[in-house]
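Residue-level structure breakdown
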Amino acid sequence: MNPLIDNLLKMEGGFTDRAEDRGGPTNFGITMPVLAKHRGVAAVTADDIKNLTRDEARGIYLKILTRHRLGEIKDYRLQEHVMDCVVLHGP
């Protein structure tokens, strides 16, 4: 378990699909393009997002954390803030 990822999953919550959200359908903060890239496919559906498991979302965030070396940030609050920015705005 990674406290940073666990807190992020709690903050992002579950499935949403609000018209005012430019990201479209999301689950645990994961959008359709992010899930498609993670799965190595051209596209996924809103149902794929809706059915995304917490464990798969955790794996996606762990890849992001590792790929962008966010674990090297020693200040936890700064690390959490940067990870949140990556989720909201992209790496």
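Structure first, text after, so check above.
We now turn to the structure provided with this report. Only a predicted model underlies this, so the values are computations on that prediction, with no experimental measurement involved.

With that settled, the discussion passes to helix α4 (residues 54–67). Taking 1.5 Å per residue, 14 residues should reach 20 Å; α4 reaches 20 Å between its end C-alpha atoms and fits that length. Looking at the buried residues of α4, the elements they touch are α1 (3–12), β2 (30–31), α2 (32–39) and α5 (76–89). Once α4 finishes, Arg69 follows within two positions and takes phi at roughly 55 degrees, a positive value.

One can describe the packing of α1 onto α5 by two numbers: an axis separation of 11 Å at closest approach and a directional angle of 50 degrees. As the angle between them shows, α1 and α5 are arranged oblique. Seen along the crossing, α1 lies across α5 with a hand that is right-handed. Residues Pro3, Leu4, Asn7, Leu8, Met11 and Glu12 of α1 form the contact with α5, whose participating residues are Tyr76, Gln79, Glu80, Met83, Asp84 and Val87. The residue inventory of the contact of α1 with α5, partitioned by class, reads seven nonpolar, two polar and three charged.

A few words on the side chain of Asn27. Among the secondary structure elements, Asn27 is positioned in strand β1 (residues 26–27). For Asn27, the residues in contact, after removing those within four places along its chain, are Gly13, Gly14, Phe15, Ile49, Lys50 and Leu52.

Side chains of a nonpolar character, in soluble globular proteins, are inclined to be buried together. Ile30, Leu35, Tyr61 and Met83 are the most contacted members of the largest nonpolar core, which has 20 residues in total. Listing elements by their share of this core, those giving two or more residues are α1, α2, α4 and α5. Looking at this core, the element that brings in the most residues is α4, giving five residues. Here Ile30 is in contact with Pro25, Leu35, Ile49, Leu52, Ala57, Ile60 and Tyr61, once residues within four sequence places are set aside.

Mapped onto the elements, Ile30 comes out in strand β2. Judged by relative accessible area, which is 1%, Ile30 ranks as buried. Residues Ile30 and Ala57 lie 27 residues apart in sequence; the distance between their C-alpha atoms is 7.0 Å.

Basis of the calculations
Residues numbered from 1 in each chain as written. Predicted model: local features only at pLDDT ≥ 70, side-chain atom pairs only at ≥ 80, totals over all residues. Heavy atoms only, no water. Helix = DSSP H or I, 4+ residues; strand = E, 2+ residues; numbered from the N terminus. Expected span 1.5 Å × (residues − 1). Contact = heavy atoms within 4.5 Å. Axes fitted to C-alpha atoms, helices over the stretch in contact; angles between N-to-C directions. Parallel < 35°, antiparallel > 145°, perpendicular 65-115°, else oblique. Left-handed = near helix turned anticlockwise from the far one by under 90°. Nonpolar A, V, L, I, M, F, W, Y, C, P; charged D, E, K, R; others polar. Core = buried A, V, L, I, M, F, W, Y, C linked by side-chain atoms within 4.5 Å. Buried < 20%, exposed > 50% of the residue type's maximum accessible area, 1.4 Å probe, protein only.

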